[in-house]
Amino acid sequence: MTKTYTFYPGCSSEKKASAANLDISVQSMCHILDIRLNEIKDWNCCSASIGYAEGGELPRLALSARNLGLAQKQSHRKDVVATCAACWLALRETNDRLNEDAEIKAEMDEVLQAAHLTYDGSLRPRHLVEVLIEDIGWDTLKEKVKKPLTGLKIAGYVGCQTNRPFGVCGDSFENPTYLDKMIEICGATPVAFDKKVACCGGALAFSELEKVCGLIKDILQSAKDSGADLIVTPCPVCQLNVEVYQDKVNQMFGTRFKIPVVYYSQLFVAAWGGSWKQAALHQQIVPANVLKRFVR
Amino acid sequence: MAYDLSFAKDVYENAEEGHWIKMCMQCGVCAGSCPLGPHWEFSPRQLFQMIRAGKAEEVLKSESMWMCVSCYHCMVRCPRGLPITHIVHGLARFAVEKKRADKDQVTRRFAKILWENMERGGRIGEMALTTKLYMVNGIPDGVKKGMEMKDQAMSMLKSGRLKMDPLHLSRIRGHAGFKAMLKKAREIEQKKRES
Ligand code: SF4
Ligand code: SF4
């Protein structure tokens, strides 16, 4: 039976935006799992983890409150699913603040009124990864595997905001295991990767690229040292930073990294017998050629 | 030495999540958690201590808060449960409000450009955002930066992950309401600050 969720894609998953490969592979993955994602109509940006400086508290929280208000108006469903770590975090943080802080809630009622919306705080922002684990279940995820990625060594890079502060399904903050389990289910081998929960620099890649390249270098070095053929991540910021700045890192540090960085959704689509295009693997910057022998 | 408590009180009452700072027990776990640690002039722990000691100028003018990468390491580790990430963000914002934050601080400048890009149409236009960022120090410098980053930009374009949309003119349908909402939120914050 089709499972339907309200969906908040966020700016990076728009058509031809930086995480277009996430969106396309997520859509393919959900198609295979018979999940329907109903996009919130007319959603706005959540301002990610940098909105605080210019937006301040109430305007920043209002961004996600509007999205939640729209979701509530457009559907009776309680779950709002996000695929971007920062989007999910912003929705959850806002939702928590509205439920815990009566003053903010009262102010937000007034703020939302200006957009002819209301929001009562009762929706449940969820990450798509939680939906896969809790609603679909490991067994089903495993049953779908048609092309096990046997012999591939993969570094599961969880990063920050898919993991902290909320965590996924009660998994550990310091050593979460769900991503390694996903890699295993796909038939590949998760390597011991000591930068599993390290930070890629996030939005500061836009302002402090040199400092951030130091962080990215350490992540790539750790993946290389662990013998990984590729890196897999659930986060669009991690994916972008660690993939697109590899040349910069190589320039800065005299290294020669060329490690593909793909999304968990791309990995699943590949292992479930999807095509190169359905997995959006044609949209990689560092080509994920190691997957070629498994994917049509 | 007598501590000037007025700054601490101001932070507790007016900076986002600032009241939590009272709860800090100075263990230093947060200080060891920041990925850009060496670039922090004062660690979160030190900032909180300085606030309690009334060092207003040193705190507000510090670049430290702008080194936060929002990794949330500190927040899940703090034995006192302080929402440190949000406190640090709150202090950065507080420094902006108090007109002490350097306008040319690169992350502050980026945050402003991003917010304007987002507010103009309701969503981010990535090409307009990066172009504006390059040009922030004038066109010659912008062209130089653009050249330095051209490989990255070209690879994004080629892989279909950067839309040719330098002007970013599209608007969400409810944009008027969206703008009115943000205006209202700013008014409420302004009123609170004045009272
Ligand atoms: S971890 Fe918490 S209690 Fe310890 S110094 Fe940092 S803020 Fe204070
Ligand atoms: S969230 Fe910010 S303050 Fe906390 S550890 Fe990360 S960089 Fe440091």
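Residues numbered from 1 in each chain as written. Chains lettered and ligands numbered in written order. Predicted model: local features only at pLDDT ≥ 70, side-chain atom pairs only at ≥ 80, totals over all residues. Heavy atoms only, no water.

Draft legend 1. Region of the structure containing the site of ligand 2. Around ligand 2, the structure places B:S33, B:C34, B:P35, B:W40, B:C68, B:V69, B:S70, B:C71, B:Y72, B:C74 and B:T85. Looking at the shell around ligand 2 residue by residue, the class counts come to 8 nonpolar, 3 polar and no charged. (Near = heavy atom within 4 Å. Nonpolar A, V, L, I, M, F, W, Y, C, P; charged D, E, K, R; others polar.)

Draft legend 2. Spatial organisation of the domain arrangement of chain A. All names here are of chain A. Partitioning chain A into structural domains gives domain 1 (3-129) and domain 2 (145-291). Taken together, the contact between domain 1 and domain 2 spans 27 residues of the former and 29 residues of the latter. Both faces considered, domain 1 and domain 2 share a buried interface measuring about 2200 Å² in area, 72% of it formed by carbon and sulfur atoms. In terms of surface lost to domain 2, no three residues of domain 1 exceed N21, M29 and V129, which account for 27% of the buried area on that side. At the junction of domain 1 with domain 2, the criterion picks out 0 salt bridges. At the boundary of domain 1 and domain 2, one finds 4 residue pairs in polar contact (both at pLDDT 80 or more). Secondary-structure elements contributing two or more residues to the side of domain 1 that touches domain 2 are α1 (20-33), α4 (85-100) and α6 (128-136). With 10 residues, the single largest contributor to the side of domain 1 that touches domain 2 is α1. In terms of residue class, the side of domain 1 that touches domain 2 is made up of 16 nonpolar, 8 polar and 3 charged. (Domains from an automatic or database assignment. Contact = heavy atoms within 4.5 Å. Buried area = accessible area lost by both parts, 1.4 Å probe. Salt bridge = Lys/Arg side-chain N within 4 Å of Asp/Glu carboxyl O. Polar contact = N/O pair within 3.5 Å; in protein donor to acceptor, adjacent residues only side chain to side chain. Helix = DSSP H or I, 4+ residues; strand = E, 2+ residues; numbered from the N terminus.)

Draft legend 3. How the structure looks around the sheet that holds strand β4 (residues 124-127) of chain A. Residues and elements named next belong to chain A. Spatially, β2-β1-β3-β4 is the arrangement adopted by the 4 strands of the open sheet, whose pairing is parallel. In this open sheet, the two edge strands, each paired with only one partner strand, are β2 (35-39) and β4. Strand-to-strand twist in this sheet, taken as the mean axis angle between neighbours without regard to direction, amounts to 45°. In terms of strand pairing, strand β1 (residues 3-8) meets β2 through 5 bridges, oriented parallel. By the bridge assignment, Y5 is partnered in β2 with L37. (Pairing = 2+ DSSP bridges. Axes fitted to C-alpha atoms, helices over the stretch in contact; angles between N-to-C directions.)

Draft legend 4. Structural context of the sheet that holds strand β7 (residues 230-233) of chain A. Residues and elements named next belong to chain A. Read from one edge to the other, the open sheet built from 4 strands follows the order β6-β5-β7-β8, with strand pairing classed as parallel. If you trace the sheet from one side to the other, it starts and ends with β6 (189-190) and β8 (261-263), each paired once. Two elements, strand β5 (residues 153-156) and β6, share 2 bridges in a ladder whose sense is parallel. Note on β6: the bridge partner recorded for I154 is P190. Strand contacts of helix α10 (residues 236-244): β7 and β8, with the helix running at about 160° to β8, the strand carrying the most contacts.

Draft legend 5. Representation of the nonpolar core within the structure. Core analysis: the biggest nonpolar cluster contains 174 residues, and A:L132, A:M182, A:Y264, A:F268 and A:L291 have the highest contact counts within it. Once you skip the residues sitting within four places of it in the chain, A:M182 turns out to touch A:V129, A:L132, A:I133, A:W138, A:Y264 and A:F268. (Core = buried A, V, L, I, M, F, W, Y, C linked by side-chain atoms within 4.5 Å. Buried < 20%, exposed > 50% of the residue type's maximum accessible area, 1.4 Å probe, protein only.)

Draft legend 6. Seen up close, a nonpolar patch on the surface. A surface patch of nonpolar side chains, amounting to about 380 Å² of accessible area, comprises B:M135, B:I139, B:V143 and B:M147. With respect to the element layout, B:M147 can be found in helix α8 (residues 139-148). (Patch = residues over 30% accessible without salt bridge, like charges linked within 9 Å, V, L, I, M, F, W, Y side chains within 5 Å. Areas by Shrake-Rupley, 256 points an atom, 1.4 Å probe, with all protein chains shown as cover.)

Draft legend 7. Structural context of the packing of helix α9 (residues 209-225) of chain A against helix α11 (residues 246-253) of chain A. Residue and element names in this part refer to chain A. For the pair α9 and α11, the least separation of the axes is 9 Å and the interaxial angle reads 95°. With respect to α11, the element α9 is oriented roughly perpendicular. Along its contact with α9, which presents L209, E210, C213, G214, I216, K217 and L220, the element α11 presents Q246, K248, V249, M252 and F253. A breakdown of the residues in the contact of α9 with α11 according to their chemical character gives 7 nonpolar, 2 polar and 3 charged. (Parallel < 35°, antiparallel > 145°, perpendicular 65-115°, else oblique.)

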